[in-house]
Protein chains: 2
Amino acid sequence: MKEKELEKVIGYSFENAKYLQIALSHTSYVNEVKKGAVSNERQEFLGDAVLSIVVSDYLFKHYSHLPEGELTKLRASLVCEKSLCEFAHMIGLGQYLYLGRGEELMGGRERPSILADAFEALIAAIYLDGGMEHAKRFILGFVKKQVEKEKKVFFKDYKTTLQEIIQQNKEEQLSYVLVQESGPDHDKHFVVEVHLNSNVIGKGEGRSKKDAEQMAAKEALELMGE
Amino acid sequence: MKEKELEKVIGYSFENAKYLQIALSHTSYVNEVKKGAVSNERQEFLGDAVLSIVVSDYLFKHYSHLPEGELTKLRASLVCEKSLCEFAHMIGLGQYLYLGRGEELMGGRERPSILADAFEALIAAIYLDGGMEHAKRFILGFVKKQVEKEKKVFFKDYKTTLQEIIQQNKEEQLSYVLVQESGPDHDKHFVVEVHLNSNVIGKGEGRSKKDAEQMAAKEALELMGE
């Protein structure tokens, strides 16, 4: 029994096997092979929202220093087709899918959109069968590792990186100079230069001084080929 | 105390008033008036996902006959800025907001985006303070009514409507004729005509016969000026 094997792989046993079967049934299978059966599309709709709340809750509580914009970017990188497809590959989800003949012949088992959708439908299956806590445990197993990977991209602090490079030479002095501050109180605009000794090596703009400094450091790093 | 009044309006008393205060604090307030305080942006990020799972779960379970595409459209209509802004108005959320001076002068209390964001942040406040069940109760209070309104648009069944009009005259006979079926099994395309006695009064296309029939009925209704 294919499903029993998958249950072992994901570490969750279904009370009601129907949910798992639906999660694995691509619409091409229902249209061609088993008319009248239920495809995974509706569960995918639900699984998408379950995934989003679990990831959002996790990021909100574990990255309390990150502003909303960064949280949103990080969430988007975790719930995108690419990530979901990777998660699906980790459990070999493709081999358990029910596909129509055409889809099978055209390599549907490896198609990223089919795998990502089925993964979301599988999330909904666990949610419907065992509730939010089980769905959460399942999702976080994948998400925590992925966050560690994404962190390197998202948590980059340009000022720290620049500082680390510059301080290798003790005589070099880095400083940030605010060269412009404009706009009404509720919509400020800042321009900052980063100076190496007395030379401007980068310039940045932002809605806060901190943002502008980060952008200046980023430009400096780019100019230095980092 | 503004917050106590709002608690009565929404029917939820906070254990930790901090969450409510954050939900009401627009970024302009934090930037200008109370530097170092926390704005509602991060809670808005979280509230968005809480809203989505509550609405998705409700639609999934209460509209089991609706296909995924319709569920997605319906969800989008419920969680859009327009709906959220209406919900915010129902509890007079604008008057409880903390805004910066500029925002206040420019009518920020009535601005749809500010109201919608604050409403999402308020959802997160209840979720963080009281858990998912309380957030759910709060959200469904608004959503159930809204679904009833949206239903009229989304649940329209063109075939039924056409049938009801035609059967006012007992001699008229309505029939649906499949005139084309093409494409490979996994990507079928259907064309259906709707006949009134022997006259074609509408033609429709779709990925299933049922969809094509609905579209044919829709065209007939349009031609009849309905």
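Conventions adopted
- Residues numbered from 1 in each chain as written.
- Chains lettered and ligands numbered in written order.
- Predicted model: local features only at pLDDT ≥ 70, side-chain atom pairs only at ≥ 80, totals over all residues.
- Heavy atoms only, no water.
- Helix = DSSP H or I, 4+ residues; strand = E, 2+ residues; numbered from the N terminus.
- Rg over C-alpha atoms; globule rule 2.2 N^0.38 Å.
- Buried < 20%, exposed > 50% of the residue type's maximum accessible area, 1.4 Å probe, protein only.
- Areas by Shrake-Rupley, 256 points an atom, 1.4 Å probe, with all protein chains shown as cover.
- Lys, Arg positive; Asp, Glu negative; His and termini not counted.
- Charge placed at Lys NZ, Arg CZ, Asp CG, Glu CD.
- Axes fitted to C-alpha atoms, helices over the stretch in contact; angles between N-to-C directions.
- Parallel < 35°, antiparallel > 145°, perpendicular 65-115°, else oblique.
- Contact = heavy atoms within 4.5 Å.
- Nonpolar A, V, L, I, M, F, W, Y, C, P; charged D, E, K, R; others polar.
- Salt bridge = Lys/Arg side-chain N within 4 Å of Asp/Glu carboxyl O.
- Pairing = 2+ DSSP bridges.
- Polar contact = N/O pair within 3.5 Å; in protein donor to acceptor, adjacent residues only side chain to side chain.

(A) Representation of the overall build of chain A in the model. Across its full length, chain A carries 11 helices and 3 strands. The order of helices and strands in chain A, counted from the N terminus, is α-α-α-α-α-α-α-α-α-α-β-β-β-α. Its C-alpha radius of gyration of 24 Å places chain A more than 25% over the 17 Å reference for a compact globule of 226 residues. Projected onto the principal axes, the alpha-carbon positions of chain A cover approximately 75 × 35 × 30 Å. Per-residue burial for chain A yields a buried fraction of 48% across its 226 residues. Carbon and sulfur atoms form 50% of the exposed surface of chain A, whose accessible area is close to 11,500 Å². With 30 positive and 36 negative side-chain charges, chain A shows a spacing of 5 Å between the two charge centroids.

(B) Region of interest: the packing of helix α2 (residues 17–24) of chain B against helix α8 (residues 112–130) of chain B. Residues and elements named next belong to chain B. Orientation of α2 relative to α8, taken along the N-to-C sense of each, is 170°, at an axis distance of 8 Å. With respect to α8, the element α2 is oriented roughly antiparallel. For the pair α2 and α8, the contacting residues are Y19, L20 and A23 in the first and A118, A121, L122, A125, L128 and D129 in the second. Here the contact of α2 with α8 is built from residues that sort into 8 nonpolar, no polar and 1 charged.

(C) Structural view of the pattern of salt bridges. For the coordinates displayed, the defined rule picks out 24 salt bridges over all chains. With its nearest N and O atoms 3.1 Å apart, the salt bridge here joins K73(A) to E70(A). Taken together, the residues span about one helical turn, with K73(A) and E70(A) both in helix α5 (residues 68–78) at a distance of 3 residues. In this structure, K159(B) engages E213(B) in a salt bridge whose closest nitrogen and oxygen atoms are separated by 2.6 Å.

(D) Structural detail: the environment of S56(A). In this fold, S56(A) is placed in helix α4 (residues 41–62). For S56(A), a relative accessible area of 0% puts it in the buried group. If near-sequence neighbours (up to four positions away) are discounted, S56(A) is found in contact with R75(A), F45(B), L46(B) and A49(B).

(E) Representation of the sheet that holds strand β2 (residues 189–196) of chain A within the structure. Residue and element names in this part refer to chain A. Spatially, the 3 strands line up as an open sheet ordered β1-β2-β3, and their pairing is antiparallel. Two strands bound the open sheet, and with one partner strand each, they are β1 (174–182) and β3 (199–206). Within the sheet, the average angular offset between the axes of one strand and its neighbour, ignoring direction, is 20°. Sheet analysis places β1 next to β2, joined by 8 bridges and oriented antiparallel. Counted as the bridge partner of Q180 is V191 from β2. Those strands touched by helix α10 (residues 158–166) are β1 and β2, and its axis lies near 145° from that of β1. The strands that helix α11 (residues 209–223) touches are β1, β2 and β3; relative to β3, the one it contacts most, it runs at about 135°.

(F) Highlighting the pairing of strand β2 (residues 189–196) of chain B. Residue and element names in this part refer to chain B. For β2, the tally of buried residues reaches 7 of 8 residues, placing the bulk of the element in the interior. The antiparallel pairing of strand β1 (residues 174–182) with β2 creates a hairpin that spans 6 residues between the two strands, and G183 there sits at a positive phi of about 90°. Bridge count for β2 against strand β3 (residues 199–206) is 7 bridges, and the pairing is antiparallel. What sits directly across from H195, in β3, is V200. Hairpin connection from β2 to β3: 2 residues lie between these consecutive antiparallel strands, with N197 at a positive phi of about 55°.

(G) Highlighting helix α6 (residues 81–90) of chain A. Of the residues making up α6(A), those classed as buried are S83(A), L84(A), C85(A), F87(A) and A88(A). Where α6(A) terminates, the next one or two residues include G92(A), which has phi positive at roughly 60°.

(H) Structural context of the side chain of E103(B). All names here are of chain B. Its place among the elements puts E103 in helix α7 (residues 101–105). Overall, E103 belongs to the buried group, its relative accessible area being 6%. Within the structure, E103 has its side chain in polar contact with the side chain of R111 (distance 2.7 Å).

(I) View of the sheet that holds β3(B). Residues and elements named next belong to chain B. Spatial strand order, β1-β2-β3: 3 strands in an open sheet with antiparallel pairing. Each having just a single partner strand, β1 and β3 make up the two edges of the open sheet. The sheet shows a mean angle of 20° between the axes of neighbouring strands, direction not considered. Helix α10 (residues 158–166) contacts β1 and β2 of the sheet and is inclined by roughly 145° relative to β1. Across the sheet, helix α11 (residues 209–223) lies against β1, β2 and β3, angled at about 135° from β3, the strand it touches most.

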